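Examination of the molecular architecture
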Amino acid sequence: MDLNDILVHHAEDRKNYFNAVAPPIIQSSNFVFDSIDDLRSKISDEINHHVYTRGNNPTVQILRKKVAELEHAEDALITSSGSAAVAIAVLAHLSAGDHVVSVAKPYSWTTKLITQLLHRFGVSHDFVDATNVDNIRSAIQKNTKVLMLESPNSLTFECQDLEACSKLAKEYNIITVIDNSYSSPIFQNPIDFGIDLVVHSGTKYINGHSDVVMGVVCGSKELITKIFYSEFMTLGVNISPNDAAMAIRGLRTLNLRVQRSDETATKVKEFLHSHPKVKDVIHPFSDDFPQNELAKKQMRGCGGLFTINLNVTKKSQVYQFVNAIEKFHIAVSWGGYESLIIPSIAFHDVPGVEDSPIPWTFIRFYIGLEDADYLITDIQQALNAIE
Ligand SMILES: Cc1ncc(COP(=O)(O)O)c(C=O)c1O
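What you see is a predicted model, and the numbers here were worked out from it, not measured in a lab.

Quick notes on the rules
- Residues numbered from 1 in each chain as written.
- Predicted model: local features only at pLDDT ≥ 70, side-chain atom pairs only at ≥ 80, totals over all residues.
- Heavy atoms only, no water.
- Helix = DSSP H or I, 4+ residues; strand = E, 2+ residues; numbered from the N terminus.
- Rg over C-alpha atoms; globule rule 2.2 N^0.38 Å.
- Contact = heavy atoms within 4.5 Å.
- Areas by Shrake-Rupley, 256 points an atom, 1.4 Å probe, with all protein chains shown as cover.
- Lys, Arg positive; Asp, Glu negative; His and termini not counted.
- Charge placed at Lys NZ, Arg CZ, Asp CG, Glu CD.
- Buried < 20%, exposed > 50% of the residue type's maximum accessible area, 1.4 Å probe, protein only.
- Pairing = 2+ DSSP bridges.
- Core = buried A, V, L, I, M, F, W, Y, C linked by side-chain atoms within 4.5 Å.
- Domains from an automatic or database assignment.
- Axes fitted to C-alpha atoms, helices over the stretch in contact; angles between N-to-C directions.
- Parallel < 35°, antiparallel > 145°, perpendicular 65-115°, else oblique.
- Left-handed = near helix turned anticlockwise from the far one by under 90°.
- Nonpolar A, V, L, I, M, F, W, Y, C, P; charged D, E, K, R; others polar.
- Near = heavy atom within 4 Å.
- Polar contact = N/O pair within 3.5 Å; in protein donor to acceptor, adjacent residues only side chain to side chain.
- Buried area = accessible area lost by both parts, 1.4 Å probe.
- Salt bridge = Lys/Arg side-chain N within 4 Å of Asp/Glu carboxyl O.
- Phe/Tyr/Trp six-rings, centres within 6.5 Å; stacked < 30°, edge-to-face > 60°.

From N to C terminus, the protein includes 14 helices and 12 strands. Taken against the 2.2 N^0.38 rule, which gives 21 Å for 387 residues, the C-alpha radius of gyration of the protein at 22 Å falls within 12% of a compact globule. Dimensions of the protein, computed from C-alpha atoms along their principal axes, come out at roughly 75 × 55 × 40 Å. Taking contacts inside the protein between residues at least 6 apart in sequence as the whole, the part at least 24 apart equals 72%. As presented, the protein carries roughly 17,100 Å² of accessible surface, and 53% of it is formed by carbon and sulfur atoms. Looking at charge distribution, the protein has the averaged site of its 34 positive side-chain charges lying 2 Å from that of its 46 negative ones.

Side-chain direction in a regular strand flips from residue to residue, so the side chains alternate between the two faces of the sheet. Along strand β1 (residues 75-79), 5 of the 5 residues are buried, which leaves the element largely enclosed by surrounding structure. Neither face of β1 is open: one carries Asp-75, Leu-77 and Thr-79, the other Ala-76 and Ile-78, and all of them are buried. Looking at chain direction, β1 and strand β7 (residues 215-219) are connected through 5 bridges and run antiparallel. Of the residues in β7, the one forming a bridge with Ala-76 is Cys-218.

Ranked by size, the top nonpolar core spans 61 residues in total, and within it Leu-63, Ile-136 and Met-214 carry the most contacts. Here this core takes 6 residues from helix α3 (residues 58-70), the largest share from any one element. The two domains that each donate at least three residues to this core are domain 1 (3-252) and domain 2 (254-384). Residues within four places of Leu-63 in sequence aside, it is in contact with Ile-78, Met-214, Ala-244, Ala-247, Ile-248 and Leu-251. Counting residues in each nonpolar core, the second largest holds 30 residues, with Ala-89, Val-90, Val-177 and Met-233 among its members.

Looking now at the packing of helix α4 (residues 82-91) against helix α9 (residues 221-235). For the pair α4 and α9, interaxial distance at closest approach is 10 Å and the crossing angle is 135°. Regarding the angle of α4 to α9, the classification is oblique. Handedness of the crossing formed by α4 with α9: right-handed. Contacts between α4 and α9 involve Ile-88, Ala-89 and Leu-91 from the first element and Ile-227, Glu-231, Phe-232 and Leu-235 from the second. Among the residues forming the contact of α4 with α9, the class breakdown is 6 nonpolar, no polar and 1 charged.

With that settled, consider the sheet that holds strand β6 (residues 197-201). With respect to topology, 7 strands assemble into an open sheet ordered β1-β7-β6-β5-β4-β2-β3, the strand pairing being mixed. Taken across any chain shown, the strands that pair with only one partner, and hence form the sheet edges, are β1 and β3 (124-128). Going across the sheet, the axis of each strand differs from the next one's by a mean of 20°, ignoring polarity. In this fold α4 packs onto β1, β4 (144-150), β5 (175-179), β6 and β7, with an angle of close to 160° to the strand it touches most, β6.

Take the site of the ligand next. In the region of the ligand, 13 residues are neighbours, and Ser-83, Asp-179, Ser-201, Thr-203 and Lys-204 sit closest. Between an oxygen atom of the ligand and a main-chain N or O atom of Ser-83, the distance comes to 2.8 Å. Lys-204 places a side-chain nitrogen or oxygen 2.7 Å from an oxygen atom of the ligand. Coverage of the ligand by the protein chains reaches 88% of its 390 Å² of free accessible surface. Taken together, the residues of the shell around the ligand sort by class into 3 nonpolar, 7 polar and 3 charged.

Counting buried residues along β6, 5 of its 5 residues qualify, which places the element largely inside the surrounding structure. Residue alternation in β6 divides its side chains into two sets, Leu-197, Val-199 and Ser-201 and Val-198 and His-200, and both sets are buried. Here β5 runs beside β6; their pairing, made up of 3 bridges, is parallel. Across the sheet, residue Asp-179 finds its bridge partner in β6, namely Val-199.

This brings us to the domain arrangement of the protein. As far as domains go, the protein holds domain 1 (3-252) and domain 2 (254-384). Once you take the C-alpha centre of each, domain 1 and domain 2 turn out to be 28 Å apart. At the junction of the two partners, domain 1 supplies 38 residues and domain 2 supplies 34 residues. Both faces combined, the contact of domain 1 with domain 2 buries some 3,000 Å², and carbon together with sulfur accounts for 60% of it. When residues of domain 1 are sorted by the area they lose upon contact with domain 2, Tyr-182, Phe-187 and Tyr-205 head the list and together hold 28% of the total. The tally of links from domain 1 across to domain 2 stands at 1 salt bridge.

Here we take up the packing of aromatic side chains. Pairs of aromatic rings are described using the distance from one ring centre to the other and the angle between the two planes. Tallied over the entire structure, the rule returns 8 aromatic pairs. Taken together, a centroid distance of 5.3 Å and an interplanar angle of 55° make the contact between Phe-157 and Tyr-182 tilted. Of this pair, Phe-157 sits in the loop between β4 and α7 (162-171) while Tyr-182 sits in the loop between β5 and α8 (184-187), and the two are 25 residues apart along the sequence. Residue Phe-157 is classed as buried on the basis of its relative accessible area, which comes to 0%.

Next up on the list: the sheet that holds strand β11 (residues 340-343). Spatial strand order, β8-β9-β12-β11-β10: 5 strands in an open sheet with mixed pairing. Each edge of the open sheet is held by one strand with a lone partner, namely β8 (278-282) and β10 (329-330). Bridging between β11 and strand β12 (residues 362-366) involves 4 bridges; their strand directions are antiparallel. Across the sheet, the residue bridging to Pro-343 is Ile-363, located in β12. Seen against the sheet, helix α11 (residues 254-273) touches β8, β9 (305-310) and β12 and runs at an angle of roughly 15° to β9. Those strands touched by helix α13 (residues 315-324) are β9, β10, β11 and β12, and its axis lies near 20° from that of β12.

Next comes the structure, spelled out in structure tokens:
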């Protein structure tokens, strides 16, 4: 379906709500039935009817249908967070005694899901350097049920060859799940490469305004229906109708926002590449990125995230840079209108906690919707503050 149709028209049935342009927020937990037969037929197909908002609310359903189309999927579920989306997509295929293969260094709460929560229920795991698909092959065991991918990841941007991963997984009857938050559906559609389930932190680009926490899971009707009637309904990870309406509004500008972040990030990273106080810029579409060719094969763009390695020798110099920057907030997350930085040094020297494997000289940038010159001027003066 044409992207314009998805963002402007798809799944909106305006004649059913007074020809209102914006869909109504059906702020109701519950739906009534005309008769016993009506109740019986709807409750037996709850995923497609409105019975109770923990399952299927009309406002959320509009969002669900749009997101499924965006990811070239047959169906989707909207969840209360990206972490909930990852958890239900993975849990749905596991029982005690099963095994998960995951990319090394997935998002931190995905790591905790695998190492702590799944571990408590007798599911074992291996993290592998999945930049080489042979490492995945070597880690597969008889009881491997899920391959967890994140391509690129959101800090150092390692990619996986999605076509090769899905082929391999199919050989062994393993379900592939990918966290596609980095690229958004605008720049990468893993289902086109044979991946089974695509999850997003919808908190990032999909909502796009830093005011809703939400997630999505996209896949075949069969897989989504299976997850709906098990993890989705039992764990109760639905989004509220109000937040769904916010996300539908956010989606109207998804393409504009992601393209704009991508264009501005490209200009900012080009400035940084040539600056003497910056050793490296890590960005999948940069010529010196080791997987540049693969990234360009799978992705149509990168969006607003990249990481720099400051060319400094003392920790105090990182503080000088970060303390001088004015137009970027120091914050986790990304995908909103506002530019952000997150210095790795914050995850070093924490009493009683192991240092992050990401060097303390690394700073991740998220480029929002401001003008490139405005951001470059600010970065320039902050780099000048390094003694
Ligand atoms: C790559 C990635 N995946 C998943 C998540 C989890 O999403 P949420 O915060 O919406 O639960 C995040 C959040 O930062 C993330 O960066």
